[in-house]
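Report on the structure
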Amino acid sequence: MSSSSSASDNGDSSGGLSSVAGRSGGVFEAPSPSRPRHSANDVWPEPFLESLAVQVAVDASLSTSPVDAAPALANVFRVCTMWQAVSRSDHLWQLLSHQVWARTRLMHDTWRDEFIYRHRTARNFQTRSYVHVTLNFDPSDMDEPDSLSCRCLRLSDLYLAAGFADGTVRLFHLNSRLHVRTLRPPPRDRFGRFSRAVSGIVISDSRLVFATMDGDIHVAEINGVGSHTRTAFVGDIVNDGALVDFTGCGRYWVGLFAGVPGRAFHIWDCINEETTFVGGSLTDPEAVMGWHTLTELTMSLGRLRISGGETAVACTRWRITVIDLRNQGVIIAEDEEQRRGLIVTGFDANDQAYVRMDSRGNAIVRRVRTQETVCEFRVSRAAQRRVMGCVNRLHALMCAGGVMRVWDVQRGGEYLYSLRERVGEVDAIVANDRHVAVASSSSTAVSTIHLWDFGAP
């Protein structure tokens, strides 16, 4: 295990939060005795003050970055004792956690603790304060030499799931950083060497769903035992082609196929596990290469992400397509690259925006539905060889030449730093607001899984 940290000159890495944190149970310090007080404040109703505090925090968050919400709130609560008393309302902190950090699930004792934790974690991302570990698992159960090549990674609040070339998914508990379970699909005839390779994972804290390149979808309960999985859908590889990426959300599963024209997107209702849509021409130019992915390790043909819960955004070398999941595949927007071509592995999306990168290393972050440009930045020339990228809510991360670099999306694409650890050739990458995980290959064909934790105290 290794750690790395960098803070401001005064030793405060929380961006001003600790300077206003209460030292005797309150959220913020008492107002200065020298600050004048106005009796009119004493009659302002608490709901009004809560609404005012939320509006101030949201305005600060939208104008620059969510990490600026806490200093703005500190100024509000310093006005007088009445306004400071409002800061003890857990209902207020629930509203703030939702509006500023998009959190609807409580992971800590109180919503105040939730808000402060999210703020400090975001500040840790800005100041390069993290703990780095490599995750260990037993490789002795592999079937073939390339079975332990990691193909995809997914994060939940509690777990990291890693999908491998032989169809297995290994589950790691993030707090203990231990390998807790290995899931396997039921035996089935293969249609090519990599037809059982994991192409995508959907994970919550109670259920894990994964798909293989032959189009099968498997389900397992997180708290189950052994390697047992249930097959929710049996793929038809001859008529659909290869499932090159798979993702999902609370209501939908979505697959991106390549190999058969006119069948790029498949949408399932994951409640009743039924197919509700098949269509789209996004991967038609990659139809031949789609069949090659079943027999050889090729470059990624397409990436698929859920954005905002009801929108899917997919990328191939020449085009990005945004589709409406509620209206079953209706195209909302398209983003084409006619000159240089896109780096598919440099594409990723969060709940509001996606990052796309061309073959010259020029990266652009755009809002999914409006195509408005959020920021632009430049990735190293090493991106022309191979790059893997991802985004969380505030940052874009790109790994090229074994070096992971971080940009601040909310501040105009400002370059922040590179992580100290070199990871080699990257096979898969994922990030959320707390963790970053990378699977890198080695000469032994066994993937090494790196984990960076920015939420450690």
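Calculation criteria
Residues numbered from 1 in each chain as written. Predicted model: local features only at pLDDT ≥ 70, side-chain atom pairs only at ≥ 80, totals over all residues. Heavy atoms only, no water. Pairing = 2+ DSSP bridges. Helix = DSSP H or I, 4+ residues; strand = E, 2+ residues; numbered from the N terminus. Buried < 20%, exposed > 50% of the residue type's maximum accessible area, 1.4 Å probe, protein only. Axes fitted to C-alpha atoms, helices over the stretch in contact; angles between N-to-C directions. Parallel < 35°, antiparallel > 145°, perpendicular 65-115°, else oblique. Left-handed = near helix turned anticlockwise from the far one by under 90°. Contact = heavy atoms within 4.5 Å. Salt bridge = Lys/Arg side-chain N within 4 Å of Asp/Glu carboxyl O. Phe/Tyr/Trp six-rings, centres within 6.5 Å; stacked < 30°, edge-to-face > 60°. Lys NZ or Arg CZ within 6 Å of the ring centre and 35° of its normal.

Pairing is antiparallel across the open sheet formed by 4 strands, whose spatial order is 19-20-21-22. Sheet topology places strand 19 (348–349) and strand 22 (373–378) at the edges, where each strand pairs with a single neighbour. Taken together, the 5 bridges between strand 20 (residues 353–357) and strand 21 (residues 362–367) define a ladder with antiparallel strand orientation. When the sheet's bridge partners are listed, A353 is paired in strand 21 with R367.

Time to look at unusual backbone geometry. Even without glycine at this site, R128 takes up a positive phi of about 60°. With respect to the secondary-structure elements, R128 resides in the loop between helix 6 (111–127) and strand 2 (130–135). By relative accessible area, which is 19% here, R128 ends up buried. Positive phi, close to 50°, is recorded for Q328, a residue that is not glycine.

So, on to the sheet that holds strand 12 (residues 252–259). Pairing in this open sheet of 4 strands is antiparallel, and the strands run 11-12-13-14 from one edge to the other. At either margin of the open sheet sits one strand with a lone partner, and together these are strand 11 (241–248) and strand 14 (274–279). Across the sheet, the mean angle separating the axes of adjacent strands is 20° when strand polarity is ignored. Inspection of the sheet shows strand 11 paired to strand 12 by 7 bridges, in the antiparallel sense. Within the sheet, the bridge partner assigned to G248 lies in strand 12 and is W253.

What follows is about the pairing of strand 15 (residues 303–307). Burial of strand 15 is extensive: 5 of the 5 residues sit out of reach of the surface. The side-chain alternation of strand 15 yields two buried faces, one formed by R303, R305 and S307 and the other by L304 and I306. Bridge count between strand 15 and strand 16 (residues 311–315): 5 bridges; the pairing is antiparallel. Paired with R303 across the bridge in strand 16 is C315. Two successive antiparallel strands, strand 15 and strand 16, enclose a turn made up of 3 residues, where G308 displays a positive phi of approximately 75°.

The subject of this paragraph is the pairing of strand 18 (residues 330–336). One ladder, built from 6 bridges, connects strand 17 (residues 319–324) with strand 18; its direction is antiparallel. Pairing of V322 across the sheet is with A333, part of strand 18. The loop that links strand 17 with its antiparallel partner strand 18 comprises 5 residues; one of these, Q328, has a positive phi angle of about 50°.

Glancing now at the packing of helix 3 (residues 69–77) against helix 5 (residues 90–101). Where helix 3 contacts helix 5, the two axes come as close as 12 Å, and the packing angle between them is 150°. When the axes of helix 3 and helix 5 are compared, the pair comes out roughly antiparallel. The handedness of the crossing between helix 3 and helix 5 comes out as right-handed. Mapping the contact onto sequence places A69, L73 and F77 in helix 3 and L92, W93, L96 and V100 in helix 5.

Considering all chains together, one arrives at 30 salt bridges under this definition. Note that D453 and R177 form a salt bridge whose closest N and O atoms lie 3.1 Å from each other. Note that D453 is positioned in strand 29 (residues 448–453) and R177 in the loop between strand 5 (169–173) and strand 6 (178–183), a separation of 276 residues in sequence. Look at D453 and you get buried, because its relative accessible area is 2%. The salt bridge partner of D240 is R263, with a shortest N-O separation of 2.7 Å. Here R263 lies in the loop between strand 12 and strand 13 (265–269) and D240 lies in helix 7 (residues 237–240), a separation of 23 residues in the sequence. Classification of D240 as buried rests on a relative accessible area of 6%. On the basis of relative accessibility, which here comes to 29%, the residue R263 falls in the partly exposed class. A cluster of three or more residues bridged by salt bridges with shared partners is formed by R103, R105, E114, R118, D157 and D205.

This part is about the environment of M107. Its place among the elements puts M107 in the loop between helix 5 and helix 6. Put simply, M107 and Y117 are 10 residues apart on the chain and 9.7 Å apart in space, counted from C-alpha to C-alpha. Those residues in contact with M107 that sit more than four places away from it in its chain are E114, R118, D157 and L158.

So, about the packing of aromatic side chains. Taken as a whole and assessed by the stated rule, the structure comprises 12 aromatic pairs. Aromatic pair W93 and F115: ring centres 5.2 Å apart, planes at 55°, arrangement tilted. Here F115 lies in helix 6 and W93 lies in helix 5, a separation of 22 residues in the sequence. For the residue pair W93 and F115, the accessibility class agrees, reading buried in each case. Taking 5.5 Å as the distance between ring centres and 65° as the angle between the ring planes, the aromatic pair formed by W407 and Y415 counts as edge-to-face. Taking relative accessible area as the criterion, Y415 reaches 40% and is therefore assigned partly exposed. Over the face of the ring belonging to F194 we find R151, whose NZ or CZ atom lies 5.8 Å from the ring centre. Here R170 stacks its cationic end above the ring of F164, 4.7 Å away from the centre of that ring.

That's the geometry; what it means functionally is another story.
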